[in-house]
Amino acid sequence: MAEGLILQGEENQQTKDLGHEYFQELRCRSLLQQSSEDTSRFFMHDLINDLAQWAAGDMSFRLQCKLNDDKQYKGSKNARHSSYFRGKYDNHKRFEEYYSVESLRTFLPLQRNPNLGQGYLTTKALDLLPKLRCPRVLCLSGYYIRYLPESIGDLKHLSRRDASGNDVTEKSLSKFDNSRDETVVSDLDNCERCISLPPLGQLPSHKDLCIRRLFAVKALGPEFFGEAVLEPFPALETLQFEGMPEWKDWRFSSDVANTEFPRLRRLTINNCPKLSIKLPSYLPSLEKLVIYQCEQLVVSIPSLPMLNELMIEGCKEVVQTSTVDFSMLDLMQLSNISKLTCLTEGFMKGLTKLFATHFLSGRGGSKQGATTRDPFQCRMFDFASLCKVCEVAKKFPSLACLRELYITGYQGCVLFRESILPSSLKTLAIKDCFDLQCVLDEEENVNIRNTCLLEELTIKSCPFLTCLSARGELPVTLQYLKISLCTALETVTSQGKLPSALKHLEISSCTKLESIAKRFQEGSSLEYISLWDCENLKSLPERHNLKIFYIGSVWTFVSFPEGGFPAVNLRLLWISSCNKLEALPNCFHKLTSLQRLVIGGCLSIISFPQEGLPPNLTSLQITGHKICKPLSEWGLHKLASLEGLNIFGCQHV
């Protein structure tokens, strides 16, 4: 970024995001490889490294020490970029080669050994830095440095500076401010002795500022913005504070009121538990606001016309002080908020384009990554103390663009009526609602077919849930249904049939579940069923056209439907630990599309159907059975397409 190698992307795309895309592209093309010892590190393949050195010619070199005579490899006088592996103790002799390199732009120490710890750079070595004429990237990360030379402020062309992991004082940091003409990125990290920040607001080209683990800083005041600066941080786009345990106060000078941060697009404050004063009130360009674990902070939400993501977790209160304009907001997450008073009617009406909202409460939990299909692990956090969902739900009809709604830890018995859900809502996910008995309630005279167009419904860990819908009907548009850890649920639908649009059904750890439905509707779209740990399930519905079917640890499951297994398109069948299942489906040999068959731990099955196995199997796995016939009579010779065979723990084999 500092070298200007990343071209400007789309209008609203951050330079860091674009750089991340470039990096991922290099990984996909195998130009970079992740370290097996430290997953946070990447290295270039040797062949690519050799090619890069050849292409760079004399423009770059790596400063290295020969093992035998401690002499340096020579670099060209015209070299612009150099790096070296940091040692435990580096003195000025290590860098003598740099004296003759007049156009060096990059000073970059690397760490070969992750266990090296903090290194030391001598004063004479630091005195070399100001003699470099036009450095743009200056990294002192990993060195124990308390004082910087006065002349370091003469470095006028710095675009990126990194003083993370140092022990420099605020006075030393302020020496950087003279080098302010072109500075773009600053990263201040783990500076234990720093008790205040230099006037970073006076840097005219500063775009990204990250301040982390400044353990002694208690306040940010006018000195942070710069004396006599009418428009502080005129170019800053990203500002991040993290891990500042003593930071309490953020004061703004009346001279710069409503002028600071005119271009700020992303503001993140993470783990600042004592911060209690309000945030900046004028952020006309802000697109993303993220606040985590600031337990004393009262977040006063101003009007943010450009905001499209709002994520607040673990603060004291969220309030609305004036009419808000959230016309661009499409994602909102509010969690672990002791007092939530902002969800007024005016606030909700301002969310005209909201795409996804996360109203979550809970009784403990931890951050989870966005790595799986489970919506509770998709940009989600567990948290506590939510306002009444029923009151919030009354405002849902005004959210004409709401497509996703996630609720965790609601403490009522009935969630809400279907008729109040906006017709735009496609995804509803519910988790850890320990008192919930019914998800969707409705008056008798309301036709839910015309009011609810829900496509995905996920319910997890609601132990007192007895019905999904009080009327026994599910939305006819429902395509994806996943239920887990709902131990009081006895049936999915009391009307005896599932929606014809349903494609994916997944149920696990519902110990009282006895039936799913009596049948599927004509023209059923169901392609996937997974049933696990439903020990009281006795039967399956008829009329289905599955492609994938999993069933496991269903102790009371006795037989498949009498009509056999009318799933001519079935490709995968997995049956596991169904101890009372005595026979495989009738007409088993007619499953001509079946490619993979797994049967394990079904001890009551003692033989295969007389007509034989499905003829086009490519993979067969059978474990832990009492099949009476010898292996030679199983008919395996008829399976011309079989590629994989795994038989284990069968007594007569």
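Above this note sits the structure.
Read on for a plain summary of the structure. None of these values were measured; they are calculated from a predicted model. Chains are numbered independently. Their residues run from 1 in the order of the written sequence. Selection of residues for local features in this predicted model requires a pLDDT of at least 70, selection of side-chain atom pairs for listing and counting requires 80 or more, and totals for whole chains, interfaces and linings are taken over all residues. Water and hydrogen atoms were dropped before computing side-chain values, which therefore reflect all heavy atoms in the structure.

**What to know about the overall build of the protein chain**
Put simply, the rule reads: The way it works is that DSSP assigns letters per residue, a run of H or I at least four long becomes a helix, a run of E at least two long becomes a strand, and they are numbered from the N terminus. Burial classification: accessible surface area is computed with a 1.4 Å probe over protein chains only, and a residue below 20% of its type maximum counts as buried, one above 50% as exposed, and the rest as partly exposed. In what follows, a contact means two residues having at least one pair of non-hydrogen atoms within 4.5 Å. Method for areas: the Shrake-Rupley scheme with a 1.4 Å probe, in which residue coverage is limited to the protein chains shown.
Helices and strands together make up the secondary structure of the protein chain, namely seven helices and 37 strands. Buried positions account for 47% of the 653 residues belonging to the protein chain. Within the protein chain, contacts between residues separated by at least 24 positions form 50% of all contacts whose residues are at least 6 apart in sequence. Of the accessible surface of the protein chain, which amounts to about 30700 Å², a share of 48% is contributed by carbon and sulfur atoms.

**Details of the nonpolar core**
Note the cut-off: Nonpolar core, defined: a set of buried Ala, Val, Leu, Ile, Met, Phe, Trp, Tyr and Cys residues in which side-chain atoms within 4.5 Å join the residues together.
Leu481 and Phe549 are the most contacted members of the largest nonpolar core, which has 67 residues in total. Listed in part, the 46 residues of the second largest apolar core include Leu200, Phe233, Ile269 and Ile337.

**Topic: the pairing of strand S16 (residues 266-270)**
Where we set the bar: Criterion used throughout: strands pair if DSSP finds at least two bridges between them.
Pairing of strand S14 (residues 238-242) with S16, which is carried by five bridges, proceeds in the parallel orientation. Pairing of Glu242 across the sheet is with Asn270, part of S16.

**Brief notes about the packing of aromatic side chains**
How we decide: For Phe, Tyr and Trp, where Trp contributes only its six-membered ring, two rings pair if their centres lie within 6.5 Å, and the inter-plane angle classes them as stacked under 30 degrees, edge-to-face over 60, or tilted in between. Only when the NZ of Lys or the CZ of Arg is both within 6 Å of the ring centre and within 35 degrees of the ring normal is a charge said to sit over the ring.
Tallied over the full model, the rule gives 14 aromatic pairs. Here the aromatic rings of Tyr89 and Tyr120 are separated by 5.5 Å at their centres, their planes lie at 15°, and the arrangement is stacked. Taken together, the positions of Tyr89 in strand S5 (residues 89-90) and Tyr120 in strand S7 (residues 119-121) put the pair 31 residues apart, joining distant regions of the chain. Assessed through its relative accessible area of 37%, Tyr120 is described here as partly exposed. Pairing Tyr550 with Trp574 gives two aromatic rings, centres 5.8 Å apart and planes at 40°, and the pair type is tilted. You can see Tyr550 sitting in strand S33 (residues 548-552) and its partner Trp574 sitting in strand S34 (residues 572-576), a full 24 residues away along the chain. Cluster of aromatic residues (ring-pair linked, three or more members): Phe224, Phe225, Phe233, Phe241, Trp247, Trp250 and Phe261. Between the NZ or CZ atom of Arg86 and the centre of the ring of Tyr143, over which it lies, the distance is 5.6 Å.

**Details of the environment of Ile211**
Mapped onto the elements, Ile211 comes out in strand S12 (residues 208-212). When its relative accessible area of 0% is taken as the criterion, Ile211 is described as buried. In sequence terms Ile211 and Phe241 are 30 residues apart; their C-alpha atoms lie 5.0 Å from each other. The contact partners of Ile211, leaving out residues within four places of it in the chain, are Leu188, Leu197, Phe224, Gln240, Phe241, Glu242 and Met244.

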